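Fold and contact review
Okay, here's what each chain looks like letter by letter:
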Amino acid sequence: MKKILFIIIFVLSGCTFKENIDAETSLYEDGSYTTTADGYGGDFDVTTTIENDQIVDIVVSSHNETPSIGGIAIESLIDSMIENNGTQVDIISGATKTSTALIEAVNATLNNAKKDTNS
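The text that follows walks through the structure, step by step, so that each part is easy to find. Computed from a predicted structure; not experimentally measured.

Another aspect to go through is the overall build of the chain. Helix and strand content of the chain: 3 helices and 3 strands. The proportion of buried residues among the 119 residues of the chain is 31%. Relative to all contacts within the chain whose residues are 6 or more apart in sequence, the contacts with residues 24 or more apart total 47%. As displayed, the chain offers around 7,900 Å² of accessible surface, 54% of which is attributable to carbon and sulfur atoms.

For the rest of this paragraph, the subject is the packing of helix α2 (residues 67-84) against helix α3 (residues 96-113). Where α2 contacts α3, the two axes come as close as 9 Å, and the packing angle between them is 35°. As α2 packs across α3, the resulting crossing turns out to be right-handed. Contacts between α2 and α3 pair Gly70, Ala73, Ile74, Leu77, Ile78 and Met81 from the former with Thr98, Ser99, Leu102, Ile103 and Val106 from the latter. Considered class by class, the residues forming the contact of α2 with α3 number 8 nonpolar, 3 polar and no charged.

What follows deals with the sheet that holds strand β3 (residues 54-60). Two orientations exist for strands paired in a sheet by backbone hydrogen bonds: parallel and antiparallel. Ordered by their spatial adjacency, 3 strands build an open sheet running β1-β2-β3, and the pairing between neighbours is antiparallel. Looking at strand neighbours, the two that pair on one side only are β1 (31-39) and β3, the edges of this open sheet. Within the sheet, the average angular offset between the axes of one strand and its neighbour, ignoring direction, is 25°. Bridge analysis of strand β2 (residues 42-51) against β3 gives 6 bridges, and the strand direction is antiparallel. Counterpart to Ile50 in the pairing with β3 is Ile55. Together, β1, β2 and β3 form the strand contacts of α3, whose direction differs from that of β1 by roughly 150°.

What follows deals with the pattern of salt bridges. For the structure on display, the rule yields 1 salt bridge. Its salt-bridge partner being Lys97, residue Asp38 comes within 3.8 Å of it at the nearest N-O pair. With Asp38 in strand β1 and Lys97 in helix α3, this residue pair connects regions lying 59 residues apart in the sequence.

A positive phi is found at Asp53, a non-glycine position, where the angle reads about 65°. Along the chain, Asp53 falls in the loop between β2 and β3. Judged by its relative accessible area of 18%, Asp53 is buried.

Thresholds, definitions, all that
- Residues numbered from 1 in each chain as written.
- Predicted model: local features only at pLDDT ≥ 70, side-chain atom pairs only at ≥ 80, totals over all residues.
- Heavy atoms only, no water.
- Helix = DSSP H or I, 4+ residues; strand = E, 2+ residues; numbered from the N terminus.
- Buried < 20%, exposed > 50% of the residue type's maximum accessible area, 1.4 Å probe, protein only.
- Contact = heavy atoms within 4.5 Å.
- Areas by Shrake-Rupley, 256 points an atom, 1.4 Å probe, with all protein chains shown as cover.
- Axes fitted to C-alpha atoms, helices over the stretch in contact; angles between N-to-C directions.
- Left-handed = near helix turned anticlockwise from the far one by under 90°.
- Nonpolar A, V, L, I, M, F, W, Y, C, P; charged D, E, K, R; others polar.
- Pairing = 2+ DSSP bridges.
- Salt bridge = Lys/Arg side-chain N within 4 Å of Asp/Glu carboxyl O.

Structure below.
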């Protein structure tokens, strides 16, 4: 009986302990961050939302990229970056400038969202 009680207490305290460590070791501040990308068709705003160190959403404002090339690249890259939780994704052939601009904008967000580790 004591062993069972000990195991139950150990498991429950382990769950609480993990939550505290996750909060203390998270890399990014939660929030939505807007940066500007310099695409093939001009500037466009990119809003990236981070929750619990995960990229949960990327929204591109209206843009002037060629819909059948840059527009498709934007959608594809957004899906890939959310799925991979980062910008280590393949650039879309034929839309290199648009791809690079979007990746750089999300990288800027990740840099801006980093928690200050010197505190």
